[in-house]
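Commentary on secondary and tertiary structure
Here is how the chains run, residue by residue.
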Amino acid sequence: MNHATTPEHLQLDLTWQEPIPQPGVAAAMALMESGKLHRYGETGAKPGEAASLEADFAAEMGMPYCIAMNSCGSAMFAALRCSGVRPGDMVLSNCFTLAPVPGAIAHAGAVPVLVDVTEDLLIDLDDLRAKAQASGAKTLLLSHMRGHICNMDALSAVCAEFGIRLIEDCAHTMGAGWNGKASGTWGIAGCFSLQSYKHANSGEGGLLVTHDADLAAQAVLLSGSYMLYASHVARPGPEVFERWKYHTPNFSLRMSNLPAALARAQLGAVLKDRCARWNQRYAWLHDALMDAPHIRLPLRPPQEQFVGSSLQFSLVGMDRAQMQAAIAACARSGVHIKWFGADEPVGFTSVWQHWRYFGQAQSLPRAEAVLGGLCDLRLPLSLTQTDCETIGQIIRRAVHAAQTSG
Ligand SMILES: Cc1ncc(COP(=O)(O)O)c(C=O)c1O
């Protein structure tokens, strides 16, 4: 490691990324030399990198269909639209998520019905039931925010009870699952991100998986396949496209071959290895914070096969000024923590009160309390055990100092 790990000041980059594996670099170089970056050619039958990525990911997920897009936000929009959501429809979604999720709902012209969050950062199933009943909404865009996966058996039962179609936002759960079933395979569609800070990194990109042939054909057309959809591999048969080709607009949200070449080299064994290393780092930092006063770590049941690429903890028994002081002290020591309690949206982090394009923010008293104290740290794979212990010490010291001085 090229950074010091003293308790006083940690010099490391929490935005550090793993390099692209060599086969991905080689495939990208070959593509650039060929100039064939656009995924569609009018002639030539050999599947390109984008079609091959779709086939590889579909096989990995055990799903028949996969559509590559330019982002997970686009994939979520496509899943909403192609499952029948139309402007003015209501869509249930977690209040604890990031801006691309409400953004996808806005893109579809739909109206969000936000569901409260538990102190373990999961969608509140009692609130989901109450809001499904009150709103009559028939779609749930479930965000496994920061990789926290609720009891999917219980959630599926609520969806079945109210006839709700489930779309999963798996931006933080590639490689994860609940009770042995992969995240992204529970509903009618699963949407994954390939943005740099996700589990496979192509800079930008999204993957939609589904077992619904009509949804898949519409998503292929909508992503911008012109009438070249036959060059997709993980797609339904031509008769399904016949049903949709005159009725689906082209939104030009497709992926090009270059990010696909980078992403393909990060699936399979590479992804598995990364997930295991993230979980090791999560365990190290979790242990370093476990018994710290004023810090609460979310409880995670054994059925939740999460990928610990980030860690969240709540500051408890502290007022806002003390929280701010603790976070500022951590930053001075080189540990930059994201805080969901900030008044203003900062960096990647915003909360539901900031999404004012929907009008008046919905009242979510529990979310206000839970997110008010919620802290968030990315766990780059470059962290060593000593780094994690040092980060733990820095946070504990900063919280103690803020708490006793306040
Ligand atoms: C929870 C969550 N969902 C969805 C997305 C959307 O991913 P993308 O940036 O690929 O649109 C993000 C991106 O940061 C995210 O954090």
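Since we're looking at a predicted model, the values are computed, not measured.

The mixed open sheet is built from seven strands, whose spatial order is β1-β9-β8-β5-β4-β2-β3. Each edge of the open sheet is held by one strand with a lone partner, namely β1 (65–69) and β3 (111–115). In this sheet, adjacent strand axes meet at a mean angle of 20° when their direction is disregarded. Where strand β2 (residues 90–94) meets β3, five bridges bridge the pair, whose relative direction is parallel. Of the residues in β3, the one forming a bridge with L92 is V113. The sheet contacts of helix α7 (residues 213–224) involve β1, β8 (189–193) and β9 (206–210), and relative to β1 the element is tilted by about 20°.

Let's shift gears to the site of the ligand. Not every one of the 16 residues close to the ligand is listed here, only the nearest: G73, D169, H172, S193 and K198. K198 places a polar side-chain atom, nitrogen or oxygen, 2.8 Å from an oxygen atom of the ligand. Starting from 390 Å² of accessible surface for the ligand in isolation, the protein chains cover 92%. The cavity where the ligand resides is the largest pocket. Going through the elements one at a time, α3 (72–82) and α4 (100–107) are the ones with two or more residues in the shell around the ligand. At three residues, α3 tops the list of elements feeding residues into the shell around the ligand.

Among all residues save glycine, negative phi is the norm, and among peptide bonds the norm is trans. If you check the backbone angles, R146 has positive phi at about 55° while not being a glycine. As for its placement among the helices and strands, R146 is situated in the loop between β4 (139–143) and α6 (152–162). With a phi close to 70°, H294 is a non-glycine residue in the positive phi region. Mapped onto the elements of the fold, H294 is located in the loop between α10 (269–289) and β10 (295–296). Residue classification places H294 among the partly exposed residues on the basis of a relative accessible area of 25%.

Strand residues, when the strand is regular, have side chains that alternate between the two faces of the sheet. Most of strand β12 (residues 310–315) is tucked away, with six of its six residues classed as buried. Of the two faces of β12, both are covered, the one formed by S310, Q312 and S314 as well as the one formed by L311, F313 and L315. Summarising the sheet, β10 and β12 pair through two bridges and their orientation is antiparallel. Across the sheet, the residue bridging to I295 is L315, located in β12. When β12 meets strand β14 (residues 374–378), the two strands line up antiparallel, connected through five bridges. Following the sheet pairing, S314 is matched in β14 by L374.

One pass over the structure, following the stated rule, counts 17 salt bridges. With a closest N to O distance of 2.9 Å, R264 and D56 form a salt bridge. Placement of R264 in helix α9 (residues 257–264) and of D56 in helix α2 (residues 49–61) is noted, with a sequence separation of 208 residues between them. Relative accessible area serves as the criterion here: at 31%, R264 is assigned to the partly exposed category. You can call D56 partly exposed: its relative accessible area is 30%. Here R320 makes a salt bridge to D343, at a shortest N to O gap of 3.0 Å.

Rules of the game
- Within any chain, residue numbers begin from 1 and follow the written order of that chain's sequence.
- This being a predicted model, a pLDDT of at least 70 is required before a residue's local features are given, and a value of 80 or more before pairs of side-chain atoms are given or counted; all residues contribute to the totals for chains, interfaces and linings.
- Side-chain numbers come from the whole structure's heavy atoms, not from hydrogens or water.
- Here, a strand pair is defined by DSSP locating no fewer than two bridges between the strands.
- Secondary structure counts use DSSP, requiring at least four H or I residues in a row for a helix and at least two E residues in a row for a strand, with both numbered from the N terminus.
- In this description, a line fitted to the C-alpha atoms serves as the axis of each element, helices being fitted only across the stretch in contact, and the angle between N-to-C directions of two axes falls anywhere from 0 to 180 degrees.
- A contact between two residues is defined here by any heavy atoms of the two lying within 4.5 Å.
- When at least one non-hydrogen atom of a residue lies within 4 Å of a molecule or strand, that residue is treated as near it.
- Each polar contact in these results corresponds to two N or O atoms within 3.5 Å; when the atoms are within protein, one needs to be able to donate a hydrogen and the other to accept it, and residues that are neighboring in sequence are counted only if both atoms are side-chain atoms.
- Accessible surface area values rest on a Shrake-Rupley calculation with a 1.4 Å probe, where residue burial reflects the displayed protein chains alone.
- Cavity means a closed set of points on a 1 Å grid over the protein atoms alone, one where a 1.4 Å probe fits but cannot get out, pocket means an open set with protein on both sides within 12 Å along at least 5 of 7 lines, and lining means a residue has an atom within 4 Å of a point.
- Assignment to a cavity or pocket requires that more than half of a molecule's atoms be within 2 Å of the site's grid points.
- When a residue's accessible area, from a 1.4 Å probe over protein chains only, is under 20% of the maximum for its type it is buried; when over 50% it is exposed; and in between it is partly exposed.
- Salt bridge, as used here, is a side-chain nitrogen of Lys or Arg placed within 4 Å of a carboxyl oxygen of Asp or Glu.

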